[in-house]
Amino acid sequence: MSTFGDILQNIGEFGTFQKLIICALSFPNIILGFVFACVFFTQSDPERHCNTDWILKADANLTWEEQLNLTVPREHNASFSRCRMFVPVDWDIGTIREHGLNKTTVCQNGWVYMDTTYEATIITDFDLVCERANLLQVAQTVMMSGILLGCLLFGPFAESFGRKRAAQIPVVVVLVFTVTSALSPNYLLFLLSQFLMGLGYGGFRLNGIILATEWIGTSKRSWGTCATQLCGGIGQAILAGLIYVVRSWRVAQFITAALLALIAIYIWFLPESARWLLERGKTEEAKDLLIKVASINKRRFSDSLLEKIALKDPEKKSNMVMLIQSPVLRKYFFVILFTWFSLNVAYYCISFNVGNFGLDIFLTQLIFGLTEIPVHLICVWQLEAIGRRVSLISTILVGGVLCILILVFIGGNPVAVTILATSGRFVTNWAASICNIYVQELFPTSCRQTASGLGSISSRAGGLIAPLVNMLAIYHWSLSIVSFSGLLLVSGGLCFMLPETRGIELPDSFDQAESNRNKKATKKESNSNIIHIESSRL
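Residues numbered from 1 in each chain as written. Predicted model: local features only at pLDDT ≥ 70, side-chain atom pairs only at ≥ 80, totals over all residues. Heavy atoms only, no water.

Peer 1: Which residues make up the overall build of the protein chain, and what values do they have?
Peer 2: Counting secondary structure elements, the protein chain contains 23 helices and four strands. Burial status across the protein chain gives 56% buried among its 538 residues. Restricting to contacts in the protein chain with at least 6 residues of sequence separation, those with at least 24 account for 80%. Approximately 22700 Å² of the protein chain is accessible, and the part contributed by carbon and sulfur atoms is 62%. (Helix = DSSP H or I, 4+ residues; strand = E, 2+ residues; numbered from the N terminus. Buried < 20%, exposed > 50% of the residue type's maximum accessible area, 1.4 Å probe, protein only. Contact = heavy atoms within 4.5 Å. Areas by Shrake-Rupley, 256 points an atom, 1.4 Å probe, with all protein chains shown as cover.)

Right, here's the structure in full:
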């Protein structure tokens, strides 16, 4: 009986078709990163004062300085208040000048912003300052909530309706709600649009990787995930240049939508996963698709393999209950969940603080993106050279140490802080790429998408609470750094319980998935027996 690995060897494990589908599914990640522009590129405390144009009714010829002196109170350091104003009165300008105003209140008609880095941000458009300042973290959390729900919905969706549809529909969702975000007249509609945009983002990131990986043979499987992450890094670098030129979050959203429209057109013609088709018993449809792939790769599909595929009965549908009931797979599953969660907490805690490291925000963002490009190229080599287990453990522990070292330099050396934060960010992103590959190699086809979906949900839950972890700095500046660094170090220790999966075919059944842990041990026992026999002969 043929396995899908045998079929891929016959039609080409990494031929023209696989390279095309990797490019098609990886390219959107360059553009998808742009949707974070509105929550990344902000000034949390822009120079401002309350809008006090009410006094111009009394005297339209007041200078800007006179208007501020008459209507805005001063702080203890003699600067004008950013969050308070004098209560408006119905007096003539002479009375106001003679008696002055004493009673203060919060800003009643919005703010006037000055010397801002950007033409417009969600902070200046929706006045997320003073008592509303924490609403920026709310926007970040709402987006991450949408990404989490997208993983939750589109994971099981892909098991029932296929990998292709589960990758195509989210792109359209992101496109539609990127436009509505840009057009949002108020903060509530913006939050709703961000939530639904995040839902589509999470769905595509999850299913695009799975669809690409299931078409690639064992020797090149790491490319399915690393190419996606590589394009994400390129997108982050381009994003810095885009915002540097545009400086308006609404214009950036429209540019993103225009590029997504092109992707939404071509992605509708992607093929389904033949592995999923065979697992669902759609043998004839899988046959036709495999013949086409063999033709694109300039290979000939063996008739004997066609017969063996036809003889193969569709596997009885399994679910997550069986995974949880397996002591071996359950252990792997919860280790992966916690590890992915910890990595995303650290990644987004650093990302959401991009403007707080002391260097220029555009330069920092550019460094963030550029450093991710070589690391994912190295990741491909590393995974094949030293394996998944050692790669994951080493990257997580190194990332934890780099993040904890930020405590030594923060507040005094912005260059050192930026270097450590950048290094910690790309190492955790590196580890997340390995998790993406690991979760697919540990679990069988019948629940691989669901397991990947739940793993991705766990990672998005980490992104969801990252803004809340950053808010711990209100109580002490070191608490957030200690929290996400500690999570990395603990998860790195737990990963010692995972098996090595390098060079092992993707399991199609629970028995195959459980037996993967014994292959290395069996090999050691075999070598031990050989040594024992040779010793006996001597």
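Peer 1: With reference to specific residues and values, describe the packing of aromatic side chains.
Peer 2: A ring pair, where both rings are aromatic, is described by two values, the distance of the centres and the angle of the planes. This model, assessed by the stated rule, comprises 13 aromatic pairs. Connected via pairs of aromatic rings, a cluster forms that spans F36, Y201, Y347 and Y348. Over the aromatic face of F80 sits the side chain of R74, whose NZ or CZ is 4.0 Å from the ring centroid. For the cation-ring pair, R247 lies above Y244, with the distance from its terminal atom to the ring centre recorded as 4.7 Å. (Phe/Tyr/Trp six-rings, centres within 6.5 Å; stacked < 30°, edge-to-face > 60°. Lys NZ or Arg CZ within 6 Å of the ring centre and 35° of its normal.)

Peer 1: I'd like a rundown of the state of the cysteines, residues and numbers included.
Peer 2: Taken as a whole, this structure holds two disulfides when the rule is applied. Linked covalently through their sulfurs, C50 and C107 form a disulfide whose S-S length is 1.7 Å. Between C50 and C107 the disulfide shows an S-S torsion of about -60 degrees. By sign, it is left-handed. In this pair, C50 is assigned in strand 1 (residues 48-50) and C107 in the loop between strand 3 (104-106) and strand 4 (111-113), connecting sequence segments 57 residues apart. Taken individually, C50 and C107 each receive the classification buried, so the pair is uniform in this respect. With its sulfur 2.0 Å from that of its partner, C83 forms a disulfide with C130. Residues C83 and C130 are joined through a disulfide that is left-handed, its torsion about the S-S bond being -90 degrees. (Disulfide = S-S within 2.5 Å.)

Peer 1: Give a description of the confidence of the model for the protein chain that names residues and reports values.
Peer 2: Overall, the prediction assigns the protein chain a mean pLDDT of 82, with 90% of residues at 70 or greater. The lowest-confidence element of the protein chain is helix 23 (residues 510-537), averaging 48 in pLDDT; the highest-confidence one is helix 9 (residues 163-183), averaging 94. In the predicted structure, residues 310-318 sits below a pLDDT of 50 and forms 16 contacts with residues beyond four places in sequence or in another chain. In this model, residues 518-538 is a region of pLDDT below 50 whose contacts with residues beyond four sequence positions or in other chains number one contact. (pLDDT = per-residue confidence, 0-100.)

Peer 1: Before we move on, could you go through the pattern of salt bridges and cite the residues and values that matter?
Peer 2: Within the structure shown, the criterion is met by five salt bridges. Between E47 and R82 there is a salt bridge; the shortest N-O distance is 2.7 Å. A residue pair is termed long-range when its members are at least 10 positions apart, and E47 in the loop between helix 4 (37-40) and strand 1 and R82 in the loop between helix 5 (64-71) and strand 2 (84-86) qualify at 35 residues. On the accessibility criterion, E47 (35% relative accessible area) is partly exposed. One salt bridge in this structure joins E284 and K287, with 3.0 Å as the shortest N-O distance. Separated by three residues within a single helix, E284 and K287 lie in helix 14 (residues 283-296), roughly one turn from each other. (Salt bridge = Lys/Arg side-chain N within 4 Å of Asp/Glu carboxyl O.)

Peer 1: How would you explain the packing of helix 18 (residues 361-386) against helix 19 (residues 388-409) if you had to name every residue and give the values?
Peer 2: Following both chains from N to C, one finds helix 18 and helix 19 inclined at 125 degrees, their axes separated by 7 Å at the closest point. With respect to their mutual orientation, helix 18 and helix 19 come out oblique. Contacts from Q382, L383, E384 and I386 in helix 18 reach R388, V390, S391, S394 and T395 in helix 19. Tallied by class, the residues present in the contact of helix 18 with helix 19 amount to three nonpolar, four polar and two charged. (Axes fitted to C-alpha atoms, helices over the stretch in contact; angles between N-to-C directions. Parallel < 35°, antiparallel > 145°, perpendicular 65-115°, else oblique. Nonpolar A, V, L, I, M, F, W, Y, C, P; charged D, E, K, R; others polar.)

Peer 1: Summarise the environment of S295; cite the residues concerned and give the values.
Peer 2: Mapped onto the elements of the fold, S295 is located in helix 14. Accessibility expressed as a relative area gives 51% for S295, which makes it exposed. Between the C-alpha atom of S295 and that of F17, which follows or precedes it by 278 residues, the distance is 9.2 Å.

Peer 1: Give me the lowdown on the nonpolar core, citing residues and values where you can.
Peer 2: Judged by nonpolar contacts, the single largest core of 145 residues is most densely connected at F36, I122 and W215. Here the element with the most residues in this core is helix 17 (residues 327-351); it accounts for 16 residues. Beyond its immediate sequence surroundings of up to four residues, I122 is in contact with C38, V39, T42, D127, L128, L136, A139, F190 and W249. (Core = buried A, V, L, I, M, F, W, Y, C linked by side-chain atoms within 4.5 Å.)

Peer 1: Run through helix 11 (residues 222-246), naming residues and quoting values.
Peer 2: With 25 residues, helix 11 extends 36 Å between its outermost C-alpha atoms, agreeing within 8% with the 36 Å of an ideal straight helix rising 1.5 Å per residue. A large share of helix 11 lies buried, amounting to 19 of its 25 residues. (Expected span 1.5 Å × (residues − 1).)

Peer 1: Can you break down the packing of helix 19 against helix 22 (residues 479-494) residue by residue, with the values?
Peer 2: The interhelical angle for the contact between helix 19 and helix 22, taken along N-to-C directions, is 160 degrees, at an axis separation of 8 Å. Taken together, helix 19 and helix 22 sit at an angle that is classed as roughly antiparallel. Here helix 19 runs over helix 22; the crossing is left-handed. Note on element contacts: helix 22 touches helix 19 through I481, V482, F484, S485, L488, L489, S491, G492 and G493, opposite I393, I396, L397, G399, G400, V401, C403, I404, I406 and L407. For the contact of helix 19 with helix 22, the residue count by class is 13 nonpolar, six polar and no charged. (Left-handed = near helix turned anticlockwise from the far one by under 90°.)

Peer 1: Could you give an account of the environment of L128, with specific residues and numbers?
Peer 2: By the element assignment, L128 lies in the loop between helix 7 (122-126) and helix 8 (135-161). For the pair L128 and Y187, spaced 59 residues apart in the sequence, the C-alpha separation amounts to 9.2 Å. Not counting chain neighbours up to four residues away, the residues in contact with L128 comprise I122, I123, A133, L135, L136 and Y187.

Peer 1: A description of the side chain of E441 should follow, citing residues and the corresponding values.
Peer 2: Within the secondary structure layout, E441 lies in helix 20 (residues 414-442). Overall, E441 belongs to the buried group, its relative accessible area being 2%. A distance of 2.7 Å separates polar atoms of two side chains, one belonging to E441 and the other to R388. (Polar contact = N/O pair within 3.5 Å; in protein donor to acceptor, adjacent residues only side chain to side chain.)

Peer 1: Quick rundown of the environment of T180? Include the residues and the values.
Peer 2: Looking at the secondary structure, you find T180 in helix 9. Separated by 14 residues in the primary sequence, T180 and Q194 place their C-alpha atoms 8.9 Å from one another. Engagement of the side chain of T180 in a polar contact is seen with the backbone oxygen of F177, the distance being 3.1 Å.

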